[in-house]
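An overview of the molecular structure
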Amino acid sequence: MRPASDLPFLGGYPESTLDQVRDLIARGQLAEHLRRRYPEAHAVRNDAALYEHAMALKSRYLRNAPLLSKVIYDSRLQIDQRALGTLTSVSRVQGAQLKAKREIRVAALFKEAPAEMLQMIVVHELAHLKEREHDKAFYALCEHMLPDYHQVEFDTRLYLTAKALEAAAVAGR
Ligand SMILES: [Zn+2]
């Protein structure tokens, strides 16, 4: 589905939902709405803490999934890109074996985001260790790791919308 041009992060959501968002924006309440809903920041401030955060989730829910060699914040993943996180796998021949090094990268803007939003991105990329496509099985796994997954994904899109509006306001000042 083509995203609404005024709400590029919210493509695929019903028009009635988009109208509610537009209403929040028009009343200048979007950022406050999110602050009230997600008051908690997180303490995952650097790559070492992010790796631990991901490994704790992985050992709880995906014990048998392939190993991860790296989990890092990446400032090159930008807010206007569709990928807020990535899972990459680099295969190398090591002796007689083919070894895959898997790494998760999380957009650096999630350092400042509410705790649930960071968790949502990490859960999403971890789920790709088992399910490649964004299909039913994939989202079932995401919901298993974060029961409010769909709501948090929507609210993360709201958060990105609020950030983009803030940046536009600063640029226009
Ligand atoms: Zn994905």
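Shown above is the structure to which this text applies.
Now for a description of the structure that goes with this document. (Residues numbered from 1 in each chain as written. Predicted model: local features only at pLDDT ≥ 70, side-chain atom pairs only at ≥ 80, totals over all residues. Heavy atoms only, no water.)

**Describing the nonpolar core**
- Counting 46 residues, the largest nonpolar core has Leu50, Val106, Phe110, Met117, Leu118, Val122 and Leu126 as its most contacted members.
- Counting only elements with at least two residues in this core, the list comes to α1 (15–26), α2 (30–37), α3 (47–61), β1 (70–74), β3 (97–107), α4 (115–127), α5 (136–145) and α6 (149–171).
- Discounting chain neighbours no more than four positions away, the residues touching Leu118 are His42, Val44, Leu50, His53, Tyr73, Val106 and Phe110. (Core = buried A, V, L, I, M, F, W, Y, C linked by side-chain atoms within 4.5 Å. Buried < 20%, exposed > 50% of the residue type's maximum accessible area, 1.4 Å probe, protein only. Helix = DSSP H or I, 4+ residues; strand = E, 2+ residues; numbered from the N terminus. Contact = heavy atoms within 4.5 Å.)

**A look at the packing of α3 against α4**
- Two elements in contact, α3 and α4, have axes whose closest approach is 10 Å; the angle formed by their N-to-C orientations is 60 degrees. Judged by the inter-axis angle, α3 sits oblique to α4. When you trace α3 past α4, the crossing you get is right-handed. In this structure, α3 uses Leu50, His53, Ala54, Leu57 and Lys58 to contact α4, whose residues at the interface are Leu118, Gln119, Val122, Val123 and Leu126.
- Taken together, the residues that form the contact of α3 with α4 break down as 7 nonpolar, 2 polar and 1 charged. (Axes fitted to C-alpha atoms, helices over the stretch in contact; angles between N-to-C directions. Parallel < 35°, antiparallel > 145°, perpendicular 65-115°, else oblique. Left-handed = near helix turned anticlockwise from the far one by under 90°. Nonpolar A, V, L, I, M, F, W, Y, C, P; charged D, E, K, R; others polar.)

**A closer look at the side chain of Glu153**
- Checked against the element boundaries, Glu153 lands in helix α6.
- Judged by relative accessible area, which is 15%, Glu153 ranks as buried.

**Some thoughts on the sheet that holds β1**
- Taken together, the 3 strands give an open sheet; going across it, the order is β1-β3-β2, and neighbouring strands pair in mixed fashion. The two strands at the open ends of the sheet, each matched to only one other strand, are β1 and β2 (85–94). With strand direction ignored, the average angle separating the axes of adjacent strands in the sheet is 25 degrees.
- Sheet topology places β1 next to β3; 5 bridges connect them, and they run parallel. Bridged to Ile72 within β3 is Arg105.
- In the packing of α3 onto the sheet, the strands contacted are β1 and β3, and the crossing angle to β1 comes to about 130 degrees.
- Strand contacts of α4: β1, β2 and β3, with the helix running at about 160 degrees to β3, the strand carrying the most contacts. (Pairing = 2+ DSSP bridges.)

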